[in-house]
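# Residue-level structure breakdown
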Amino acid sequence: MTKFTFHHNIPILRRLYLQRDESRNQREEALRELDVARNQREEALREIREIRDNICLEFSSLQLSHSVPEPKIVRHSKWMSYLSDGFNRPGVRILEMGSRNVTGGATRGPFSAAHYVGFDFYEGENVDVVGDAHKLSSYFDENEKFDLIFSSAVFEHFHMPWIVAQEIQKLLKLGGYVFVETHFSFGAHERPWNFFQFSDMGLRALFNDALGFELIDCGMSNRMNGVFSQEADEYLRGKSIGEWYCHSEIFCKKNRDVLDFDWGKSEIDDIVENTRYPVPKTLTSAVSFQADAASLTNGEPTPGPCPLQTPARLATRPPWGDVTFDPADSHFFETVTAHIEGWLQDYAARLTVQILRFQETGDAGKPLVEIGVYAGKYLSLLMASAARTRSTVVGIDTWQYKPVEVVRENLNKLMPDLAGVVRFYGEPSTAFTATRLMEIAGGRPRFISVDGSHDYKDALHDLRLSDAVLDADGIVAVDDFLNPLTIGVNRAVNTLMESRPALEGIAYGYNKLFLSRPEAAGRYRNFVENTLQNETVEQGHHWRERLKTWRGLVEQDFFGHPLLLAGT
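This section reports on the structure supplied with the text. (Residues numbered from 1 in each chain as written. Predicted model: local features only at pLDDT ≥ 70, side-chain atom pairs only at ≥ 80, totals over all residues. Heavy atoms only, no water.)

For the rest of this paragraph, the subject is the overall build of the chain. When helices and strands are counted, the chain shows 16 helices and 16 strands. When contacts within the chain are restricted to residue pairs at least 6 apart in sequence, those whose partners lie at least 24 apart make up 73%. When the accessible surface of the chain is split by element, carbon and sulfur atoms take 52% of a total near 29,200 Å². (Helix = DSSP H or I, 4+ residues; strand = E, 2+ residues; numbered from the N terminus. Contact = heavy atoms within 4.5 Å. Areas by Shrake-Rupley, 256 points an atom, 1.4 Å probe, with all protein chains shown as cover.)

So, in structure tokens, the structure goes:
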């Protein structure tokens, strides 16, 4: 009976084993599918993160070539500690405007050793004097002056901030200081008393030299990224916003008493000294460039009427700052280069022109080359130098973004007497060998601008080509090096330099890397360093200070040789 039962149960046991194995296989298959799904999810998350990072980089790139300075000593995260370290001591009188504690952190504490006075429109914690800032001086005795007056997130709530600036001047001791931080861009708040938003230049207009103030530090901090919302007008929706900052800061010293200042009687040059509204980006049909090659060759501005010519009092004040600059170069940049479409930082243009002028003091009759012309903005600087030295310029571009006919027409209109110095070639730079390039250029170039394809292989070809043809005293200017959106250029430069080319880095700044032959590197490096040391602009001031104390910040090792960091 047992045998019979066991014998007949064998098929059942087999089926059970098969079912068990099938279940195990199904479970393992389910686990494999789960792993696949998990990997797909991780890959999707990686792609989302990459897209997010690329979007952030794209937004940030809008600021890469900005001309807005960041404060060096009183930016948003530093100003309180800077003021506390410098003014929190016995005998120092400090007035804070807008002192009422509305954010949970009163500012009296950092100035516990000094004589601190809190001023606000309303009574409350941390307020000693209640009043209207537009009548600030009327709340204090005539001899009651302060060593420091400061405010944060207050000036946007003044309906006449220029009057408040004048009131601050009255209450400051001679040699006293004022610090103001306010918003360049911020959400509407404390309405209806949310009147103004300020740029750094707006604050400089308020605390100007005519009112007795000496600028120490000024700028904007905390860059912001964003796009227009779907509620914006249709043509704006989704467009990114550049040159966007949260905070504006200014720190000034009162260097003299001004008793009879009147905003209504002030001239614009008294308020915005040594500046002017930017020259229009495009020329109207009624405006043309009147210069000829001879006027550029002898280094003098064009004689005769020119609607865009720099006024006599600003003849040596180019649009990039208060510097001593050749009037002819300033005039050329304002009336030609500034009107050509493209991307070029003003200070990069100025440094390039100075390097070209330095070349012209020697044997400068050699050709100049640009790989990647686009509309000819940077090329115009090379053309001006070529006109002064009777040289040839070679422009290489595929013209896929800007037809060569358009470029020719624009350059002919802006500088008709210089158009003959340039020869255009419409093909990829990879089609050029060293022999061919020297043949069409007529010799070894003294200046090569590399701004073509930013693909790694193309950029590396352009750099190797430049290394092969550059003159012994030549310069290679590499655009978009260290730009996070042009990784190919960065990689190409690193690959080239690791191969020990006959090139040496001399300077980097304003989005351009300048290379030269080793035998000429010392001369160029000294020239750039002396040029920056001698500047009277803010960049030059900080350059000199860094040279004194923080040498490592301005000179770095670059593949075994010193590289000067300018304006970074």
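Taken in spatial order, the seven strands line up as S3-S2-S1-S4-S5-S7-S6 in an open sheet, and their pairing is mixed. Because the sheet does not close on itself, it has two edges, and the strands there are strand S3 (129–130) and strand S6 (213–223). With nine bridges connecting them, S6 and strand S7 (residues 245–254) associate as antiparallel partners. Following the sheet pairing, aspartate 217 is matched in S7 by phenylalanine 251. (Pairing = 2+ DSSP bridges.)

Let us look at the packing of helix H7 (residues 327–335) against helix H9 (residues 377–389). Where H7 meets H9, the closest approach of the two axes is 11 Å, and the angle between their N-to-C directions is 140°. Compared by their axis directions, H7 and H9 come out oblique. Classified by chirality, the crossing of H9 by H7 is right-handed. Here Asp329, Phe332 and Phe333 of H7 lie close against H9, whose contacting residues are Ser380, Leu381, Ala384 and Arg388. (Axes fitted to C-alpha atoms, helices over the stretch in contact; angles between N-to-C directions. Parallel < 35°, antiparallel > 145°, perpendicular 65-115°, else oblique. Left-handed = near helix turned anticlockwise from the far one by under 90°.)

If you trace the nine strands from one edge of the open sheet to the other, you get S10-S9-S8-S11-S12-S14-S13-S16-S15, paired in mixed fashion. On the outer flanks of this sheet lie strand S10 (422–425) and strand S15 (555–558), each paired with one strand and no other. Neighbouring strand axes in the sheet, compared pairwise and without regard to direction, differ in orientation by 20° on average. Of the pairings in the sheet, the one linking S15 to strand S16 (residues 561–565) comprises four bridges and is antiparallel in character.

So, on to the pattern of salt bridges. Tallied over the entire structure, the rule returns 23 salt bridges. Its salt-bridge partner being aspartate 35, residue arginine 38 comes within 2.7 Å of it at the nearest N-O pair. Separated by three residues within a single helix, arginine 38 and aspartate 35 lie in helix H1 (residues 2–61), roughly one turn from each other. By relative accessible area, arginine 38 is classed as partly exposed at 41%. Relative accessible area serves as the criterion here: at 37%, aspartate 35 is assigned to the partly exposed category. The partner of lysine 366 in a salt bridge is aspartate 471, and the shortest N-O contact between them spans 2.8 Å. Taken as a pair, lysine 366 in the loop between helix H8 (346–360) and strand S8 (368–371) and aspartate 471 in the loop between helix H12 (456–469) and strand S12 (475–479) lie far apart in primary sequence, 105 residues in all. Residues joined in a network through salt bridges with shared partners are Asp329, Arg357, Glu360 and Arg388. (Salt bridge = Lys/Arg side-chain N within 4 Å of Asp/Glu carboxyl O. Buried < 20%, exposed > 50% of the residue type's maximum accessible area, 1.4 Å probe, protein only.)

Attention shifts here to H9. Within H9, 13 of the 13 residues are buried, which leaves it mostly tucked inside the rest of the structure. Positive phi appears at arginine 390, one or two residues downstream of H9, with a value of about 55°.

Under the criterion given, the structure shown has two cavities of 30 Å³ or more. The calculated volume of the largest cavity comes to roughly 60 Å³. Lining the largest cavity are Asp329, Phe332, Phe333, Thr337, Val353, Leu381, Ala384, Ser385 and Arg388. Elements that contribute at least two residues to the lining of the largest cavity include exactly H7 and H9. A total of four residues in the lining of the largest cavity trace back to one element, the largest contributor, which is H9. The residue makeup of the lining of the largest cavity, split by class, is five nonpolar, two polar and two charged. The calculated volume of the second largest cavity comes to roughly 50 Å³. Val450, Asp451, Gly452, Ser453, His454, Ala459, Leu463, Val478, Asp479 and Val489 are the residues that line the second largest cavity. (1 Å grid on protein atoms, 1.4 Å probe; cavity = no way out; pocket = protein on both sides within 12 Å on 5 of 7 lines; lining within 4 Å. Points joined across faces, edges and corners; volume = space filled by probe spheres on them. Nonpolar A, V, L, I, M, F, W, Y, C, P; charged D, E, K, R; others polar.)

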